[in-house]
Amino acid sequence: MSGTETNYDLGYPIVVGAASEFAEFASQFDRPALVLTDADPTVRRIARAAARAMHRAPVIPVPLGERRKRLVTVERVLDELAARGVERDALVVGVGGGVASDLFGFACATYMRGIRYAHVATTLVAMVDAAIGAKTGVNLRAGKNLVGSFHDPAGVFCDVTALRTLTRSAMREGMSEIVKAAIIEGGDFFASLEELSGHRFAAWPWEQVIAGAVKVKTMVVADDRLEAGRRETLNLGHTFAHGIERASDFKVPHGSAVALGLRAAGLLALQTGRFSRDEHLRVLTLLALFGLPFDTAVEPNEILAAMRHDKKRRGGRLRFTLPRAIGDVEYGVEVPLTSVRAVLRRLRELPEPLLARR
Ligand SMILES: NC(=O)c1ccc[n+]([C@@H]2O[C@H](COP(=O)([O-])OP(=O)(O)OC[C@H]3O[C@@H](n4cnc5c(N)ncnc54)[C@H](O)[C@@H]3O)[C@@H](O)[C@H]2O)c1
Ligand SMILES: [Zn+2]
């Protein structure tokens, strides 16, 4: 198959390629009952082209966005599937970013107790993170992603051509997850990002970069599908990030919060004698080159209070995933609250070596 096919460890194909390679990916599946797409006009165009490559399957646009990632929208989708007589053995194809893969995937996980679902990822976040790993779900008033299900997709196609129309900020959102993957993987992957950071995004070999990040996620997830242990590795920077998102009332977007969380995890690892200053600075430099933030005005006490609500908390204690080195992270680390507080205070300031750059 053309495109870059990542490993099959998860039991379903994940192909990274150009839109022109989609037909070949789709030929592995039976004809879809229908195509569900984010109603955004750009995404709809991508969905129409995908449907043409799949025996002109009907295309159903659904208005999405984080605020519509709710059960009412899921019900709309379920009603649509029922009205069109979609049967238990059908395949549905979804097109869009992480909101689409979470919401359409969840609808298909529950429709008739689960039908097959394949996703065409059109944002960087969906390609390197949301569309792989089987977590689907929607938000409740009480918080993000509080209702959901593990539902393996039948396949994922990462359409690198779609990146051309993404905004700079949507690209940044995905970059922090790629940097996270690179800290976990280390070696050539991290070094290749350092090398690429000097070039414009338009000149990047996206197929290679996305396949690299997908490989990290699939390897970790294959080892621990239901998050009993090693999957927590992927939570690097995220305990802090979720606290910052909540405390800012979601004004700080996830990717930016992850960048802050990666700095905080690095600082906490430095403070507890796990990580070297040189490697911490390499991470910060990379984040800076992608235009990601390091400092936030959000109150440390509010971040800490919000962190205590984290889904991943066990037995009332905060647990962190921390770097020991680039390419070596440790999960389930319990750290004294005083160290966490000290790190949160540092997030109010820029890191010294970077002050000069701004
Ligand atoms: N399940 C998981 O493991 C997981 C992991 C990470 C994130 N997520 C979820 O993913 C969501 C964020 O995903 P996202 O950042 O992709 O958001 P998104 O799906 O809302 O897409 C962002 C914006 O870009 C638009 N868009 C999509 N593709 C485009 C394209 N090719 N060109 C131009 N515009 C395009 C969308 O219409 C939307 O306005 C969050 O809800 C988050 O919880 C889930
Ligand atoms: Zn994330």
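Everything here concerns the structure above.
Thresholds, definitions, all that
Residues numbered from 1 in each chain as written. Chains lettered and ligands numbered in written order. Predicted model: local features only at pLDDT ≥ 70, side-chain atom pairs only at ≥ 80, totals over all residues. Heavy atoms only, no water. Core = buried A, V, L, I, M, F, W, Y, C linked by side-chain atoms within 4.5 Å. Buried < 20%, exposed > 50% of the residue type's maximum accessible area, 1.4 Å probe, protein only. Helix = DSSP H or I, 4+ residues; strand = E, 2+ residues; numbered from the N terminus. Domains from an automatic or database assignment. Contact = heavy atoms within 4.5 Å. Donors = N, O, S within 2.8 Å, 3.2 Å for Na, K, Ca; no water. Near = heavy atom within 4 Å. Polar contact = N/O pair within 3.5 Å; in protein donor to acceptor, adjacent residues only side chain to side chain. Pairing = 2+ DSSP bridges.

(A) Looking closely at the nonpolar core. L124, I178, W206 and I210 are the most contacted members of the largest nonpolar core, which totals 79 residues. It is helix α10 (residues 254-271) that contributes the most residues to this core, 10 residues altogether. Each of two domains, domain 1 (4-165) and domain 2 (168-355), supplies a minimum of three residues to this core. In contact with I178, other than residues within four places in its own chain, are L124, V128, F189, L193, W206, V209 and A213. Core analysis: the next-biggest nonpolar cluster, separate from the first, contains 22 residues, F106, A107, I115 and Y117 among them.

(B) Just the coordination of the zinc ion (ligand 2), in detail. Within the first shell, the zinc ion (ligand 2) binds the protein through E177 (OE), H238 (NE2) and H254 (NE2), at distances of 2.0 to 2.1 Å. Sequence spacing of the donors to the zinc ion (ligand 2): E-x60-H-x15-H. Of this pair, E177 sits in helix α6 (residues 168-185) while H254 is found in helix α10, placing the two residues 77 residues apart along the sequence. Classification of E177 as buried rests on a relative accessible area of 4%. Residue H254 is classed as partly exposed on the basis of its relative accessible area of 24%.

(C) Spotlight on the site of ligand 1. Around ligand 1 sit 23 residues, and of these E66, G98, T122, T123 and T165 come closest. In this structure, a nitrogen atom belonging to ligand 1 sits 3.0 Å away from a main-chain N or O atom of K135. Within the side chain of N145, a nitrogen or oxygen atom sits 3.3 Å from an oxygen atom of ligand 1. Those elements that place two or more of their residues in the shell around ligand 1 are α2 (41-52), α4 (98-110), α5 (124-130) and β8 (143-150).

(D) Representation of the sheet that holds strand β5 (residues 91-96). Strand order in this open sheet of seven strands is β1-β2-β9-β6-β5-β3-β4, and the pairing throughout is mixed. Among the strands making up the open sheet, the edge pair consists of β1 (4-5) and β4 (59-62). The sheet contact formed by strand β2 (residues 14-17) and strand β9 (residues 155-159) spans four bridges and is parallel. Of the residues in β9, the one forming a bridge with G17 is D159.

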